[in-house]
Amino acid sequence: MTLSEKDKAFIWHPFTQIKPDNAPICIEKAQGATLFATGGKTYIDGISSWWVNLHGHAHPYIAAAIAQQAMCLEQVIFAGFTHAPAIDLAGLLLEHLPTPFSKVFYSDNGSTAVEVGLKMALQYWHNQGITHKIKIISFENAYHGDTFGAMSVSGRSAFNAPFNPLLFDVFALPIPTDANFQAIKAQFQSLLEEDAVAAFLFEPLVQGAAGMQMYKAAHLDELVGMAQKKQVICIADEVMTGFGRTGKLFAMDYLTHKPDIICLSKGITGGFMPLGVTVCAQKIYETFISDDVRKTFFHGHSYTANPLACAAAKASFELLLREDCQKAIERIGNQHARFAATIKNHPFVKGVRQTGTILAIELNTAESSYFNTIKDTFYAFCLEKGVLLRPLGNVIYIMPPYCLTDNELAFIYEVIFQFIFNCK
Ligand code: PMP
């Protein structure tokens with residue numbers, strides 16, 4: 001059997017309709033932003049392999065950190081035991097997070113980072129004997145992951161329709177715009193007045209899977225301020241926006257009111273290892289300190305704080321802090337802005353949005369949805385040209401590794417331009 005035949009025989013791929021003609025592309029190796037497929041074709045990875053890769057593939061600095069760690073300690077139970085990679089990474093993260101953040105809780109993906117955030121916020125109230133604060137405010141069309149809690153706080157859509165009867169209710173508000181902000185604020189305030197709200201959860205500045213929907217930091221800042229006045233726990237899901245994506249280290253760096261909990265994953269290891277992190281403020285942690293065993297946070301995963309993942313994350317963060325990487329983030333943002341200006345008035349472009357290194361182009365199609373088939377046409381067009389871009393319905397976006405060169409970026413822009421021009 002060929003690899004492709006074996007893949008079809010043995011594997012069920014995520015977010016992929018099972019059809020006989022849906023053969024995945026087999027990648028043999030990758031370097032920088034380039035993926036090398038069996039048979040010799042190459043692809044520029046314009047979406048950082050589902051938003052995880054920050055510094056390019058097989059980066060020697062991160063690879064070496066993992067290799068060195070693997071020769072020393074690959075895994076140890078994290079209840080009752082600890083290790084330097086987890087401690088070092090926690091210290092490094094806290095150094096770059098604002099003061100209210102004081103404790104790092106490890107898990108192993110974005111959905112679990114969010115689950116942990118939600119559970120911490122809910123148990124924060126429970127541990128104080130306050131049992132009526134059990135409601136969550138979130139945004140419509142949000143995407144926070146695929147586990148049950150994360151699905152519940154996400155927008156209701158075809159992604160979670162089969163499970164809908166089992167999901168818990170949340171108060172879902174539209175993301176703020178200049179036009180709706182007064183109305184949103186009024187709605188938000190009246191929900192806060194009900195006194196049942198435990199937490200406000202949001203993807204700061206950019207709703208990823210919703211189609212890279214962007215909204216103003218000033219609006220979010222005001223909502224966080226209002227929520228915190230009512231002691232509601234604010235949870236920033238920075239699974240996608242963290243680690244430089246929005247132009248700053250974290251999207252919440254654009255806010256003056258800092259959230260109480262931040263959820264991180266994806267870019268945290270530079271795309272090398274699965275890792276999730278939930279960081280909370282000291283006031284939350286303190287409600288779990290007790291002689292009463294029932295106030296324990298009964299949550300953990302077998303691979304919690306895996307030392308290889310922690311070593312990768314530390315190395316990736318060190319690369320991110322280097323001046324050349326910060327300059328690359330700025331350079332990509334500037335190039336995006338220039339390209340956006342050249343296409344924004346094209347009749348097939350409904351709108352162009354940009355936050356830092358994330359550029360989204362909404363195509364002017366009759367139907368705006370994830371299931372718009374233009375995504376398949378565009379995806380195939382790009383692959384044929386040697387570029388990996390995976391649109392969200394009629395929204396094309398670029399979210400590249402920071403190592404992407406100007407030439408590679410220009411090539412991606414050219415491919416997008418050709419597609420838009422052909423669809424005219
Ligand atoms: N939160 C956000 C904002 C995300 O974009 C995602 C994944 N796209 C998740 C949570 C879930 O992360 P994971 O796929 O690692 O479970």
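Residues numbered from 1 in each chain as written. Predicted model: local features only at pLDDT ≥ 70, side-chain atom pairs only at ≥ 80, totals over all residues. Heavy atoms only, no water.

Section: the nonpolar core
And step 1. Within the largest apolar cluster, 101 residues are counted, with the highest numbers of intra-cluster contacts made by Tyr106, Phe200, Met212, Ile361 and Ile416.
And step 2. Sequence-distant contacts of Met212, defined by excluding residues within four places in its chain, comprise Trp51, Val206, Gln207, Met240, Arg353, Ile358, Ala360, Leu392, Tyr397 and Met399.
And step 3. In terms of nonpolar packing, the next biggest core, distinct from the first, is built from 24 residues, Met120, Val170, Cys280 and Phe297 among them. (Core = buried A, V, L, I, M, F, W, Y, C linked by side-chain atoms within 4.5 Å. Buried < 20%, exposed > 50% of the residue type's maximum accessible area, 1.4 Å probe, protein only. Contact = heavy atoms within 4.5 Å.)

Some words on the sheet that holds strand 6 (residues 171–173)
And step 1. Spatial ordering of the open sheet is given by 4-12-11-10-7-5-6, a layout of seven strands whose pairing is mixed. The two strands at the open ends of the sheet, each matched to only one other strand, are strand 4 (101–107) and strand 6. When strand polarity is set aside, the average angle formed by the axes of neighbouring strands in this sheet is 20°.
And step 2. Here helix 8 (residues 217–229) sits on the sheet in contact with strand 5 (135–139), strand 7 (197–202) and strand 10 (233–237), set at roughly 165° to strand 7. (Pairing = 2+ DSSP bridges. Helix = DSSP H or I, 4+ residues; strand = E, 2+ residues; numbered from the N terminus. Axes fitted to C-alpha atoms, helices over the stretch in contact; angles between N-to-C directions.)

Description of the pattern of salt bridges
And step 1. Counting across every chain of the model gives twelve salt bridges.
And step 2. Across the pair Asp292 and Arg294 runs a salt bridge, and its minimum N-O distance is 3.2 Å.
And step 3. Classification of Asp292 as partly exposed rests on a relative accessible area of 28%.
And step 4. Salt-bridge contacts for Arg353 lead to Glu362; the nearest nitrogen and oxygen are separated by 2.7 Å.
And step 5. In this structure Arg353 comes out as buried when scored by relative accessible area, which is 16%. (Salt bridge = Lys/Arg side-chain N within 4 Å of Asp/Glu carboxyl O.)

A look at helix 3 (residues 60–70)
An α-helix turns once every 3.6 residues. As a result, residues three or four positions apart point the same way.
And step 1. Within helix 3, burial applies to Ile62, Ala65, Ile66 and Gln69. For helix 3, the buried positions fall inside an angular range of 95° around the axis, keeping them on one side. Those residues of helix 3 that are exposed and angled more than 90 degrees off the buried face are Pro60 and Gln68.
And step 2. If you follow the buried residues of helix 3, they end up packed against helix 4 (84–95) and helix 10 (307–321). (Arc of directions from axis to C-beta.)

Structural notes on the site of the ligand
And step 1. By nearness alone, every residue bordering the ligand is listed as Trp51, Asn109, Gly110, Ser111, Tyr143, His144, Gly145, Glu203, Asp237, Val239, Met240 and Lys266.
And step 2. Take Gly110: an N or O atom from its main chain is 2.8 Å from an oxygen atom of the ligand.
And step 3. A distance of 3.3 Å separates a nitrogen atom of the ligand from a polar atom in the side chain of Lys266.
And step 4. For the ligand, the protein covers 83% of the area, taking 400 Å² as the surface of the free molecule.
And step 5. For the shell around the ligand, the residue count by class is four nonpolar, five polar and three charged. (Near = heavy atom within 4 Å. Polar contact = N/O pair within 3.5 Å; in protein donor to acceptor, adjacent residues only side chain to side chain. Areas by Shrake-Rupley, 256 points an atom, 1.4 Å probe, with all protein chains shown as cover. Nonpolar A, V, L, I, M, F, W, Y, C, P; charged D, E, K, R; others polar.)

Let's talk about the side chain of Ser48
And step 1. Positionally, Ser48 belongs in helix 2 (residues 48–51).
And step 2. Filtering out sequence-adjacent residues up to four positions away, Ser48 remains in contact with Asn53, Arg245, Met399, Pro400 and Pro401.

What about the environment of Lys266?
And step 1. Among the secondary structure elements, Lys266 is positioned in the loop between strand 11 (261–264) and strand 12 (276–281).
And step 2. For Lys266, a relative accessible area of 23% corresponds to the partly exposed category.
And step 3. Residues Lys266 and Thr296, spaced 30 residues apart in sequence, show a C-alpha to C-alpha distance of 28 Å.
And step 4. Not counting chain neighbours up to four residues away, the residues in contact with Lys266 comprise Trp50, Trp51, Val52, Val239, Met240, Gly271 and Leu275.

Remarks on the sheet that holds strand 2 (residues 34–37)
Two modes of strand pairing occur in sheets, parallel and antiparallel, and in both the strands are linked by backbone hydrogen bonds.
And step 1. Judged by pairing direction, the sheet is mixed, and its four strands sit side by side in the order 1-2-3-15 without closing on themselves. With partners counted over all chains shown, the strands left at the sheet margins are strand 1 (27–31) and strand 15 (387–388), one partner each.
And step 2. Sheet analysis places strand 1 next to strand 2, joined by four bridges and oriented antiparallel. Across the sheet, residue Ala30 finds its bridge partner in strand 2, namely Leu35.

What about the pairing of strand 14 (residues 358–363)?
And step 1. When you tally the buried positions in strand 14, you get six out of six residues, the bulk of the element.
And step 2. Of the two faces of strand 14, the one holding Ile358, Ala360 and Glu362 and the one holding Leu359, Ile361 and Leu363 are both buried throughout.
And step 3. Here six bridges tie strand 13 (residues 349–355) to strand 14, and the two strands are oriented antiparallel to one another. Residue pairing for strand 14: Val352 is matched across the bridge by Ile361.
And step 4. Linkage of strand 13 to strand 14, two consecutive antiparallel strands, is achieved through a turn of two residues, within which Gly356 is found at a positive phi near 60°.
And step 5. In terms of strand pairing, strand 14 meets strand 16 (residues 395–398) through four bridges, oriented antiparallel. Of the residues in strand 16, the one forming a bridge with Glu362 is Val395.

Everything listed here is a matter of geometry and, on its own, says nothing about what the molecule does.
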